[in-house]
Each structure stands twice: as C-alpha cells, then as structure tokens.
Amino acid sequence: PGSYYTATVLLSLLFFYDIFWVFGTDVMVTVAKNLKAPIKLIFPRPAVTDKPNMLGLGDIVLPGIYVALLLRYDIQRSFKDINFKNLTQKTIASAPKLLNLSTFYVCLLCYFLSLLGCLVTMWVFEAAQPALLYIVPGVIVPIIGMTYFRGDFQTLWEYDEEPEAEKNDNNKKDN
C-alpha cells in the first residue's frame, strides 16, 4: 500500500467485503471447498475429520502486508534522526543499537490472537467465518490505540513510504 492511511482503508473495505461474501452468499465457501488450488490452509477439527476448517490465502497475505508496513514504520522511526546523506563515523556510533519494533511486535501478536479467535469460533460453531471479521479490528484498533497513547498516532497516520522526490516527479507528470 505505501502509506498507513491506504493500508487501513484497504483492510477496512476488505473487512466488509469478506463479511458479505461469507455471510451474505455461499459463493466464498463453495469456491473454497471445491477449488483444488493452493489458495487456502486447511486445519483439521479436533472431533470432525471430514469437515476441516479453511483459511484463505487473502486472510494471510493482506494482513501480512499491513504487518510488514508497520515493521518498516518502526525501522524508519528508529532511524529518523540520522542523516544518511552525510553519514559519518560519529553518526554511525550514535545510531541506536537496538531497533524499537514495539508497533510491529504488538501487531504481530494481535494478528496471531485474531487468527486464533477465528479458528476457535469456527471449531465451536462449526460454521464458516470471515477471518477478516476478526483480523481487521484485531490489528487496526490496538495499533491506533497504542500509537495514540504513545503520542505518535499522527506520525503513523501520515507515514508514507514514497519519497518526496517521487511524489514531486509524479505531480509534474500529471500537470
């Protein structure tokens, strides 16, 4: 996605998309059951071997992009005071020895707990569940809350991986 804003909006829209196609129609479940392609993970249920639980590839890849974005945000946040254009021995010595990857670790833990909650719900109710119903609020809400209380929510919200030079070049091409 490139920016936190874009990633959040994309995941939020996919949240509703997943809910509609799993609860609103039988298309998603039918395709997942009948398609013999590497687009799903199959988890056996403890008591029922003929009806395993399935997790779609999109439920892993799309939130994974969000988690990876937060990893890059944490790395950028750790090195924000270093001028890489004028790198000297002194700036290298003053660089942080350990990266502060707290946002990434919290998101990764929340993603794991959300997936676990989805799988447990599928086991208990023996019904298909839209995994993004659990994953999206499970990763977005804690990260927004964490960065708000840490005081850098605005920085995260405005985080964009596209360098300013590329943005200016794109704007010149459009005009």
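All of these numbers come straight from a predicted model, not from anything done at the bench. Sequence order as written defines the numbering, with residues in each chain counted from 1. At least 70 in pLDDT is required for a residue's local features to be given in this predicted model, at least 80 for side-chain atom pairs to be given and counted, and no such filter applies to totals for whole chains, interfaces and linings, which use all residues. In computing side-chain values, all of the structure's heavy atoms are included and hydrogens and water are not.

A. A look at the overall build of the protein. In DSSP terms, a helix is any run of H or I states spanning at least four residues, a strand is any run of E spanning at least two, and both are numbered starting from the N terminus. Looking only at helices and strands, the protein features eight helices and two strands. When the helices and strands of the protein are read in sequence order from the N terminus, they spell out α-α-β-β-α-α-α-α-α-α. Per-residue burial over the protein gives 30% buried out of 175 residues. Within the protein, contacts between residues at least 6 apart in sequence are counted, and of these 69% link residues at least 24 apart. Buried, partly exposed and exposed residues are distinguished by accessible area as a fraction of the type maximum, computed with a 1.4 Å probe on protein chains only: under 20%, between the cut-offs, and over 50%, respectively. Only heavy atoms matter for contacts: two residues are in contact if any of them lie within 4.5 Å across the pair.

B. Focus on the packing of helix α1 (residues 4–24) against helix α3 (residues 58–78). Simply put, an axis is a line fit to the C-alpha atoms, just over the touching stretch for a helix, and the angle between two N-to-C directions goes from 0 to 180 degrees. Across the interface, α1 lies against α3 with an axial gap of 10 Å and an inter-helix angle of 160 degrees. It follows that α1 is roughly antiparallel to α3 by the angle criterion. For the element pair α1 and α3, the recorded crossing hand is left-handed. Of the residues in α3, those touching α1 at Tyr-4, Ala-7, Thr-8, Leu-11, Leu-14 and Asp-18 are Asp-59, Leu-62, Pro-63, Tyr-66, Leu-69 and Leu-70. A class-by-class count of the residues in the contact of α1 with α3 yields nine nonpolar, one polar and two charged. Angular relationships are summarised with four words: roughly parallel below 35 degrees, roughly antiparallel beyond 145, roughly perpendicular across 65 to 115, and oblique for the angles in between. For a crossing to be left-handed, the near helix must be turned anticlockwise from the far one by less than a right angle; the clockwise case is right-handed. Under the scheme applied here, ten amino acids are nonpolar (Ala, Val, Leu, Ile, Met, Phe, Trp, Tyr, Cys and Pro), four are charged (Asp, Glu, Lys and Arg), and all others, including Gly, are polar.

C. How the structure looks around the side chain of Thr-103. Looking at where Thr-103 falls in the secondary structure, it is placed in helix α5 (residues 102–125). Thr-103 gets classed as buried once you look at its relative accessible area, which sits at 0%. For Thr-103, the contacting residues outside a window of four places in its chain are Leu-70, Tyr-73, Asp-74, Arg-77, Ile-143, Met-146 and Arg-150.

D. Seen up close, the layout of surface pockets. Points on a 1 Å grid, built from protein atoms alone, make a cavity when a 1.4 Å probe fits but cannot get out and make a pocket when they are open with protein on both sides within 12 Å along at least 5 of 7 lines; residues with an atom within 4 Å of a point are the lining residues. Grid points are joined across faces, edges and corners, and a volume is the space filled by probe spheres set on the points. By volume, the largest pocket amounts to about 750 Å³. What lines the largest pocket is a set of 32 residues, and nearest its centre among them are Met-28, Val-29, Ala-32, Met-54 and Gly-56. Every element with two or more residues in the lining of the largest pocket is listed here: α1, α2 (27–34), β1 (40–43), β2 (53–56), α3 and α6 (131–150). If one sorts the elements of the lining of the largest pocket by residue count, α2 sits on top with five residues. Among the residues forming the lining of the largest pocket, the class breakdown is 20 nonpolar, four polar and eight charged.

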